[in-house]
Amino acid sequence: MSQDKAVILDQLESIFQDTFTDNTYAFSANTTRDDIEEWDSLSHIRLLTAIEANFGVQFDLDEIGNMTDVATIVDLLHQKLA
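If you're wondering where the values come from, they're calculated on a predicted model, not measured in any experiment.

**Student:** Sorry if this is basic, but what is going on with the packing of aromatic side chains here?
**Tutor:** Aromatic ring pairs are described here by two measures, namely the spacing of the ring centres and the angle between the planes. Under the criterion given, the structure shown has 4 aromatic pairs. Their ring planes at 50 degrees and their centres at 5.6 Å tell us that Phe16 and Phe20 sit as a pair that is tilted. A single burial state applies to Phe16 and to Phe20, both of which are buried. Where Phe16 meets Trp39, the ring centres are 5.4 Å apart and the plane angle is 80 degrees; that geometry is what we call edge-to-face. With Phe16 in helix H1 (residues 3-19) and Trp39 in the loop between H1 and helix H2 (41-55), this residue pair connects regions lying 23 residues apart in the sequence. Here Phe16 matches Trp39 in class, with each residue buried. Members of the aromatic cluster, each reached through a chain of ring pairs, are Phe16, Phe20, Phe27 and Trp39.

**Student:** How do you make sense of the nonpolar core when you look at a structure like this?
**Tutor:** Taken as a class, soluble globular proteins show a tendency for nonpolar side chains to be buried jointly. Core analysis: the largest hydrophobic core is formed by 22 residues, its most contacted members being Leu12, Phe16, Ile51, Phe55, Ile73 and Leu77. At the level of secondary structure, the elements contributing two or more residues to this core comprise H1, H2 and helix H4 (70-81). Apart from the residues lying within four places of it in its own chain, the contact partners of Phe55 are Ile8, Gln11, Leu12, Ile15, Leu77 and Leu81.

**Student:** Would you take a moment to explain H2 for this structure?
**Tutor:** With 15 residues, H2 extends 21 Å between its outermost C-alpha atoms, agreeing within 8% with the 21 Å of an ideal straight helix rising 1.5 Å per residue. Listing the buried residues of H2 in full gives Ser43, His44, Leu47, Leu48, Ile51 and Phe55. The buried residues of H2 occupy an angular sector of 135 degrees when the element is viewed end-on, so they sit on one face. Across from the buried face of H2, at angles greater than 90 degrees, the exposed residues are Leu42 and Ala53.

**Student:** Explain the environment of Thr19 here, please?
**Tutor:** Residue position: Thr19 is located in helix H1. According to the relative accessible area criterion, Thr19 is buried, its value standing at 9%. The spatial distance from the C-alpha of Thr19 to the C-alpha of His44 is 9.1 Å, given a sequence separation of 25 residues. Every residue in contact with Thr19, bar those within four places of it in the chain, is listed here: Ser43, Arg46 and Leu47. Among the polar contacts listed, one links the side chain of Thr19 to the backbone oxygen of Ile15, at a separation of 2.8 Å.

**Student:** Looking at this model, I keep getting lost on the pattern of salt bridges. Mind explaining?
**Tutor:** Should the charged atoms of two oppositely charged side chains come close, the side chains can pair. Evaluated as defined, the whole model comprises 2 salt bridges. Put simply, Asp75 and Lys5 hold a salt bridge, and the shortest N to O gap is 2.8 Å. Placement of the pair is Asp75 in helix H4 and Lys5 in helix H1, with a sequence separation of 70 residues. Judged by its relative accessible area of 33%, Asp75 falls in the partly exposed class. Owing to a relative accessible area of 22%, Lys5 belongs among the partly exposed residues under this scheme. Notably, a salt bridge pairs Lys80 with Glu63, separated by 3.3 Å at the nearest N-O pair. Placement of Lys80 in helix H4 and of Glu63 in helix H3 (residues 61-66) is noted, with a sequence separation of 17 residues between them. Take Lys80: its relative accessible area is 32%, and that puts it in the partly exposed class. Given the relative accessible area of 15%, Glu63 is considered buried.

Conventions and cut-offs
Residues numbered from 1 in each chain as written. Predicted model: local features only at pLDDT ≥ 70, side-chain atom pairs only at ≥ 80, totals over all residues. Heavy atoms only, no water. Phe/Tyr/Trp six-rings, centres within 6.5 Å; stacked < 30°, edge-to-face > 60°. Buried < 20%, exposed > 50% of the residue type's maximum accessible area, 1.4 Å probe, protein only. Helix = DSSP H or I, 4+ residues; strand = E, 2+ residues; numbered from the N terminus. Core = buried A, V, L, I, M, F, W, Y, C linked by side-chain atoms within 4.5 Å. Contact = heavy atoms within 4.5 Å. Expected span 1.5 Å × (residues − 1). Arc of directions from axis to C-beta. Polar contact = N/O pair within 3.5 Å; in protein donor to acceptor, adjacent residues only side chain to side chain. Salt bridge = Lys/Arg side-chain N within 4 Å of Asp/Glu carboxyl O.

Next comes the structure, spelled out in structure tokens:
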């Protein structure tokens, strides 16, 4: 993982901690929706809204539908911020 992606991952961890009240999951690039019980459709929107605000980006509908794991989110942010 490049340094840029590592920085993105660190910032995402903070956003995940703010979005989800149950922090018993192990956050990493391999974390998926299946790992976080509260990651449902409503919290997905809250999560993406927080990510967009934090990074100053906007996601389209196709991107939103594919964002089911941290690695995908990091990759999309890396592309948008490049």
